[in-house]
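Structure at a glance
Chain by chain, the residues run as shown.
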Amino acid sequence: MTIFNPFRALGRGVLSLLRSIGAIAIFAGLTVRAVIGPFFAGQFVQQLVRIGFLSLPVVGLTALFTGAALALNIYVGGERFNAESFVPNIVALGIVRELGPVIAALMLAGRVSSGIAAEIGAMRATEQIDALHTLTIDPMRYLVVPRVLAGIVVLPMLVLVADVIGVFGGFLVGVTTLEFDPTVYVRNSADILERWDVVSGLIKAAVFGFLLTLMGCYHGYRAQGGAQGVGRAATHAVVSAAMLIFAANFILTSLFV
Amino acid sequence: MAAPVKIAWKNVTKRFGSKTVLDGLSLDAHEGKSLVIIGGSGTGKSVTIKTALGLIAPDKGVVEIDGRAVRPEDPSDPGLDQIGMLFQSGALFDSLTIWENIAFKLLKAGRMKRPEARARAIEALEQVDLEPDVANRATRELSGGMLKRASLARAIVTKPAILFFDEPTTGLDPVTADVINRLILRQVKSLGATAVTITHDMASMRMIADEVAMIEHGKIRWRGGLDGIEDCADPAVCAFVHGRSADE
Ligand SMILES: Nc1ncnc2c1ncn2[C@@H]1O[C@H](COP(=O)(O)OP(=O)(O)OP(=O)(O)O)[C@@H](O)[C@H]1O
Ligand SMILES: [Mg+2]
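Below or above, wherever it landed, is the structure these notes cover. Residues take numbers from 1 onward in each chain, read along the sequence in its written order. Ligands are numbered from 1 and chains lettered from A, in the order in which they are written. Where totals are concerned, whole chains, interfaces and linings use all residues; where local detail is concerned, this predicted model gives features only for residues with pLDDT of at least 70, and gives and counts side-chain atom pairs only at 80 or more. Only hydrogens and water are set aside when side-chain values are computed; all heavy atoms of the structure are taken into account.

Once that is clear, we can look at the overall build of chain B. Numbering of helices and strands runs from the N terminus; a helix is a DSSP stretch of H or I covering at least four residues, while a strand is a stretch of E covering at least two. Counting its secondary structure elements, chain B contains nine helices and 10 strands. Dimensions along the principal axes, computed over C-alpha positions, put chain B at roughly 55 × 40 × 40 Å. Contacts between residues were defined by any pair of non-hydrogen atoms, one from each residue, lying within 4.5 Å. Partitioning the contacts of chain B with sequence separation of at least 6, the portion at a separation of at least 24 is 63%. When the accessible surface of chain B is summed, it comes to about 10700 Å², and 50% of that surface belongs to carbon and sulfur atoms. Distance between charge centres in chain B, computed from 32 positive and 33 negative side chains, equals 5 Å. In these tables, accessible area is a Shrake-Rupley quantity obtained with a 1.4 Å probe, and a residue counts as shielded only by the protein chains included in the view. We count Lys and Arg on the positive side and Asp and Glu on the negative side, and we leave His and both chain ends out. Here the site of a charge means NZ on Lys, CZ on Arg, CG on Asp, or CD on Glu.

And the structure:
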């Protein structure tokens, strides 16, 4: 007879977490090592389009609504201190430093990490990764490196777009429902922002881009057991990418303040 | 045996979890010969080939090609350059067209120009009895037997010195199977390749084998020429070849 032992369960959990962290670190190391050597430019460009360009609608729409909602909330809060005139400044700062990168990255965790995990996982299940190996092409170089590099390159671009659209969402609400003067709104948004606000957001974006593509590749690469395994890989990719994005966001933010 | 040893499995052991799949398996494939591996389903035939490709690392023992140990999990192993492999599942890349699949190594590793590589791919398609108009199709547009032949074309297109075929005639009609058997024979007899073929197709075995090895419980149960099989040298082998279960 076995009795549920909370200490054992906790110990198991901690051990398996440590094992995962170790395995991910090794995979990241192998990825970095594979950057050196033959480069598959065609694959890279294809991933730029898939990860970047095709994500524009999703990222743009979420940024628009977030900026709009943020403006409303800040207005409500600001009113209590007679500080509602700060709406443009705080929306701009909030979007550029925090919400632009985080929201774009989370959307891409849903859209891209899962897609990569499913694709690479299916290739694992159907021996296509083994086939690459026997055709003397390093699967890390051919599959993983182009995706991860594309993530690092493309996320800052997407976040720049998200920043602009997010601020614009706040502007729309500001001038329509909150009765701000358009020129004042734009000037206040622009004046508050310093170069570092934008740059720090873009650095975050690059790190998130690395993490979310790496998680897709890692879980896809290790997928086993047919369709079920592929599904599991996609789920794990999204969850772990999102968690890493939140953790990295906190660490980077505390470094950047 | 006059021909030198091309591939040598030396005491190879491989476990998956608690299951021992290969149990000290030793086997030689001789240069310019056709070795056929037979054995029950799930006895480790595919795993045996995968250890020679470095796809599966043995727990014990070593596989040597030309006397050099195969480096597991290393696609830059120079030994792989001379190998063509047909996977049991086909394993074509579904993101590419048929001809891009066949010409993959020529394009990526050989840096051949696309028109030239395409011409080579179509040549290989003809060898496996597929029409040239298959070249531009996606993998999902082909039947199982056509996919198998397309992956066979991918295995032979670089004219490799070593060929591994994992069930090349499974799922093919008898006429097409005959074409494939002749193709394998030609690779060995005319081009001097070393072929290792896994098959459950006894007619195919009789046609292409210089030598036969039967795997049982992760070891080589018997090996010898076709005459040994006809003479019933080992009753178990004899029963297997004639499709009788062992207790008869
Ligand atoms: N990657 C793997 N992980 C775990 N078990 C494996 C793996 N590859 C093979 N096996 C197991 O090893 C055993 C031998 O598999 P293998 O594919 O070599 O069989 P086979 O002789 O080729 O059979 P068949 O004739 O049906 O193709 C099987 O029990 C299989 O479940
Ligand atoms: Mg098999």
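For chain A, the helix and strand inventory stands at nine helices and zero strands. For chain A, the succession of helices and strands along the chain, N to C, is α-α-α-α-α-α-α-α-α. The principal-axis extent of the C-alpha atoms belonging to chain A is close to 65 × 55 × 30 Å. Sequence separation of at least 24 residues holds for 85% of the intrachain contacts in chain A that already meet a minimum separation of 6. When the accessible area of chain A is evaluated, it comes to approximately 12700 Å², of which 71% is carbon and sulfur surface.

All names here are of chain B. Around ligand 1 lies a shell of 14 residues, among which Ser41, Gly42, Lys45, Ser46 and Gln88 are the nearest. Under the rule applied, a polar contact is a pair of N or O atoms within 3.5 Å (in protein, one hydrogen donor and one hydrogen acceptor; residues adjacent in sequence only if both atoms are side-chain atoms). Contact distances for ligand 1 include 3.2 Å between an oxygen atom and a backbone N or O atom of Thr43. Between an oxygen atom of ligand 1 and a side-chain N or O atom of Gln88, the distance comes to 2.8 Å. In isolation ligand 1 offers 630 Å² of accessible surface; the protein chains occlude 63% of this area. Only β2 (19–30) and α1 (45–52) provide two or more residues apiece to the shell around ligand 1. In terms of residue count, α1 provides more of the shell around ligand 1 than any other element does, three residues in total. Three classes are used, and their members are as follows: Ala, Val, Leu, Ile, Met, Phe, Trp, Tyr, Cys and Pro are nonpolar, Asp, Glu, Lys and Arg are charged, and the others, Gly among them, are polar. Across the shell around ligand 1, the residue classes break down as three nonpolar, eight polar and three charged. If even one non-hydrogen atom of a residue comes within 4 Å of a molecule or strand, that residue is called near it.

With that out of the way, let us pick up the coordination of the magnesium ion (ligand 2). The rule for donors is simple: an N, O or S atom within 2.8 Å of the metal counts, and for Na, K and Ca the reach is 3.2 Å. Water is not among the atoms, so a site may look short of donors. The magnesium ion (ligand 2) binds to the protein through B:Ser46 (OG) and B:Gln88 (OE1); the donor distances cover 2.0 to 2.2 Å. Here B:Ser46 is found in helix α1, whereas its partner B:Gln88 is found in the loop between β6 (83–86) and α2 (98–102), with 42 residues between them in sequence.

Residues and elements named next belong to chain B. The definition used for a disulfide is geometric: two cysteine sulfur atoms within 2.5 Å. Tallied over the full model, the rule gives one disulfide over all chains. Each sulfur of the disulfide joining Cys232 and Cys238 lies 1.8 Å from the other. Between Cys232 and Cys238, the S-S dihedral sits near -115°, and the bridge is therefore left-handed. Among the residues examined, Cys232 registers a relative accessible area of 34% and is labelled partly exposed. Each residue's exposure class comes from its accessible area (1.4 Å probe, protein chains only) as a fraction of the maximum for that residue type: buried when under 20%, exposed when over 50%, partly exposed otherwise. With a relative accessible area of 5%, Cys238 lands in the buried category.

Time to look at the packing of aromatic side chains. Put simply, two rings from Phe, Tyr or Trp (the six-membered ring, in Trp's case) pair if the centres are within 6.5 Å, and we call them stacked under 30 degrees between planes, edge-to-face over 60, tilted for the rest. Enumeration according to the criterion identifies 10 aromatic pairs over all chains in this entry. Aromatic side chains A:Phe180 and A:Tyr185 sit 5.6 Å apart centroid to centroid with 90° between the ring planes, which places their arrangement in the edge-to-face category. For the pair A:Phe180 and A:Tyr185, one class covers both residues: buried. An aromatic cluster is built from A:Phe40, A:Tyr142, B:Phe93 and B:Phe104, whose rings are joined through pairwise contacts. The ring of A:Tyr221 carries A:Arg124 above its face, with NZ or CZ at 5.0 Å from the centroid. Above the ring of B:Phe93, the side-chain terminus of B:Arg154 is found at 5.0 Å from the ring centroid. Comment: the charge-over-ring label is applied if NZ (Lys) or CZ (Arg) is within 6 Å of the ring centre and within 35 degrees of the ring normal.

All names here are of chain A. Positive phi, close to 55°, is recorded for Asn82, a residue that is not glycine. Positionally, Asn82 belongs in the loop between α3 (56–79) and α4 (87–125). A residue is classified by how much of its surface remains accessible, and Asn82, at 67% relative accessible area, is exposed. With phi around 65°, Thr136 is a residue other than glycine that occupies positive phi space. Positionally, Thr136 belongs in the loop between α5 (128–134) and α6 (139–176). Residue Thr136 is classed as buried on the basis of its relative accessible area of 19%.

A word on the sheet that holds strand β8 (residues 194–198) of chain B. Residue and element names in this part refer to chain B. When DSSP finds two or more bridges between a pair of strands, those strands are recorded as paired. The strand order across the open sheet formed by six strands is β6-β7-β8-β3-β9-β10, and the pairing between neighbours is mixed. Of all the strands in the sheet, just β6 and β10 (219–224) have a single pairing partner and so form its edges. Recorded for the sheet is a direction-independent mean angle of 15° between the axes of neighbouring strands. Where strand β3 (residues 34–39) lies against β8, four bridges are found, and the strand directions are parallel. Residue pairing for β8: Leu35 is matched across the bridge by Val196. Axis lines are fitted to C-alpha atoms, over the contacting stretch for helices. Their N-to-C directions set the angle, which ranges from 0 to 180 degrees.

Turning our eyes to something else, we now look at the interface of chain B and chain A. On the side of chain A, 17 residues touch chain B, which itself brings 24 residues to the contact. Buried area counts how much accessible surface, traced with a 1.4 Å probe, disappears from two parts once they are put together, with both parts' losses summed. Regarding the contact of chain B and chain A, the summed buried area is about 1800 Å², with carbon and sulfur atoms giving 65% of it. If you sort the residues of chain B by the area they bury against chain A, B:Pro75, B:Phe93 and B:Phe104 come out on top, with a joint share of 29%. Between B:Lys50 and A:Glu127 there is a salt bridge whose closest N-O contact spans 2.5 Å. At the junction of chain B and chain A, the tally comes to four residue pairs in polar contact (both at pLDDT 80 or more). By definition, a salt bridge exists where a carboxyl oxygen of Asp or Glu is found within 4 Å of a side-chain nitrogen of Lys or Arg.

A few words now on the sheet that holds β2(B). Residue and element names in this part refer to chain B. Spatial strand order, β2-β1-β4-β5: four strands in an open sheet with antiparallel pairing. Of all the strands in the sheet, the pair left with one neighbour each is β2 and β5 (68–69). Bridging between strand β1 (residues 5–16) and strand β4 (residues 60–65) involves five bridges; their strand directions are antiparallel. Residue Thr13 lies in a different strand from β4, and its bridge partner there is Lys60. The sheet strands contacting α1 are β1, β2 and β4, and the helix crosses β1 at an angle near 120°.

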